Amino acid sequence: MNTVKNLTTILWLFFAGFTAAQEIELSLDRNEVARGETITLTIRIYDQRQGMQLDLTPLTGQFDVLGTRTSSQIRSVNGTVEAWTDYIVTLFPLEEGELTIPALTINEQSTNPITITVVNEGPRSNQASDELFLEIETNKESVYVQEQLLFTVRLYYTINGIRNPQFTELEMPNSVIQLIGSPNQYEKLIDGMRYGVYEKRYVIFPQRSGDLEFPDILFRGEVTDGSSNFVFRNLNTRRVTAFIEGVTIDVKERPASVQDTDFWLPVSRLSLEESWSTDISQLKVGDSAIRTLTMTAAGLDGAVLPPFSDTEVDGMNIYPDPPQIERTFVDGAIVGTRIETTSMVPTDSGEIVIPEISIPWWNIDTDQLETTVIPASRFIVATIEGLIPAEQTVASSENLEALLAALPVVDQDMIDEQNQAEFIEVKATWMNYAIALAFVIVVLSIYKLVISEYKSEINEFLHAKRKQLAAHYSPSNNEGIAFKQLRRACRENNLNAIRAALIQWCDHFLDERRVNSMEDILQQHEAPELHEHAQQIQIHLFNSSNGGRQLDSRYNAAQLLKLVAELRNQKLQSRKRRQREDQYALPPLYKTQA
């Protein structure tokens, strides 16, 4: 009898409505953690009858949400049934000091904030120190302003199956930061133990003197034990983290001896080369010669190298082409190249002098000012007839321009006779009919002999091509179509359509993970600019009284569209830069091992 009574009570709790407010509890596994460790937040909701979506975006200010899972339980004590659901959230503190888990609004109830303390205990991870640790390295402890600085972060690990590695992105004011190629993976033997190494290299150009402070580097990833399968891949996955303090580099001002110079090129080597398309000693008035100047600097991007070719030369017309800018990486250091090509046409005969080019630069290896020079070029330009004027030449009484402009003498009677001899009148009406008839016969023959016999195969082929074309231009397979769909949804002010189109486009755009929901967009770090828009869309959808069919006037869809367009353009430019780097990169001395 008691068993039947208890069952009835449980079913009544799950299916009967009641108006009592649900009780909510928050708890942490600990209130003090070391930098680089994770904490577990448990949100317990009593008497919950169905699943719900929690808004965890208030936590993302000072924490990284690494994962969530749920657990539901029911128990009966002396005829009293108690049911609850635990929402278990794994958090990674992003800062040290006193952090606050803010108040959360759940089922129209607000929780109390919780304060935790994050202490700095030096480089560490949530694994044993010999299993997983970070290392950072700079090639110098001090550099000049705008000088190249190489920065490397390495993850050493002995545990297998690390997936989705994420590092703190370098963001420092008054600095130009570039990632050198793709991350390297290799093995290294340390004290008899073999480590896998995951390495990221950066080149940095400080733009202001003073202290350049690198941020603390945090690593987050996932580890599997190898026993997971396609269906239950998350059952055997755990989070791993590591932390190391940042460093400070002294950035020096320009030396006093070059404070007022036009050029400031702090490099280890600078070369300047000149070449001509023809022998300039054989030039005559009106000839064209192409001059190519190539500047190569070890330690600067080609985009910052200054223009250096002449813009005016007495006795010559100059037609410069747009400069060709290149950038390559050699042994982890940047090498910039600027190529200037100019077409030169002599307008006067006699001696032509092309001035010397002098480029001052600061040798960072010897800490001295040096100068690279291309000497002046002197040559004699002949007249149109090929005569080189003497030192005491007599000016011609004839006008050169009038001679060049004079028209040749033509015998018009001879031209008329030739045209009359070659002109034959032909009536081509019957020929046009013959050509049309021949074309019809050829078309019918092709259809009869080729197309009709294989008509079914041709139809199947065309049907397959149409399906292939339709699949190629579907939003799920084509990033461009997905972007157009998102743009149309933003212009139509349909919030539900914007949400679906944004998820579809992000699945194409983001490389670090698959995107199937707005929660995936909030948890990714490849494009953090999308977090605010994803959060606003969720909030407006939740608060919308029309089901999201009409866009809330407080949400600015135009800003989302502008941000997405900027992200697409940045990724396109980044892809072009990687292609240029791969084109000019040297092959590695040793093969890397995954």
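All of the points below concern the structure found in this document. Bear in mind the structure is a predicted one, so any value in this text is a computation, not a measurement.

Cut-offs applied
- Residues numbered from 1 in each chain as written.
- Predicted model: local features only at pLDDT ≥ 70, side-chain atom pairs only at ≥ 80, totals over all residues.
- Heavy atoms only, no water.
- Phe/Tyr/Trp six-rings, centres within 6.5 Å; stacked < 30°, edge-to-face > 60°.
- Helix = DSSP H or I, 4+ residues; strand = E, 2+ residues; numbered from the N terminus.
- Buried < 20%, exposed > 50% of the residue type's maximum accessible area, 1.4 Å probe, protein only.
- Lys NZ or Arg CZ within 6 Å of the ring centre and 35° of its normal.
- 1 Å grid on protein atoms, 1.4 Å probe; cavity = no way out; pocket = protein on both sides within 12 Å on 5 of 7 lines; lining within 4 Å.
- Points joined across faces, edges and corners; volume = space filled by probe spheres on them.
- Nonpolar A, V, L, I, M, F, W, Y, C, P; charged D, E, K, R; others polar.

The tally for this structure, following the rule as stated, stands at twelve aromatic pairs. Measuring from centroid to centroid gives 4.9 Å for Phe 133 and Tyr 156, while their planes differ by 15°, and the two rings are stacked. Of this pair, Phe 133 sits in strand β11 (residues 132-138) while Tyr 156 sits in strand β13 (residues 149-157), and the two are 23 residues apart along the sequence. With relative accessibility at 25%, the residue Phe 133 sits in the partly exposed group. The buried category is assigned to Tyr 156, whose relative accessible area is 1%. Arranged with centres 4.6 Å apart and planes meeting at 15°, the rings of Phe 151 and Phe 214 form a pair that is stacked. Residue Phe 151 is located in strand β13, and its partner Phe 214 is located in the loop between β18 (210-213) and β19 (217-224); the two are separated by 63 residues in the primary sequence. For the pair Phe 151 and Phe 214, a shared accessibility class is recorded, and that class is buried. Members of the aromatic cluster, each reached through a chain of ring pairs, are Phe 133, Tyr 156 and Tyr 195. The side chain of Lys 252 reaches across the aromatic face of Tyr 144, ending 4.3 Å from its centre. Looking at Lys 571, its charged tip hangs above the ring of Phe 509, at a distance of 4.6 Å from the centre.

One number sums up the size of the largest pocket: a volume of about 2,000 Å³. Lining the largest pocket are 44 residues, and of these Glu 169, Leu 179, Lys 200, His 525 and Glu 526 lie nearest its centre. Elements represented by at least two residues in the lining of the largest pocket include exactly β4 (63-77), β14 (162-167), β15 (175-179), β17 (193-206), β19, β26 (324-330) and α10 (557-584). In terms of residue count, the dominant contributor to the lining of the largest pocket is α10 (eight residues). A class-by-class count of the residues in the lining of the largest pocket yields 17 nonpolar, 13 polar and 14 charged.

Purely geometric numbers; function is a separate question.
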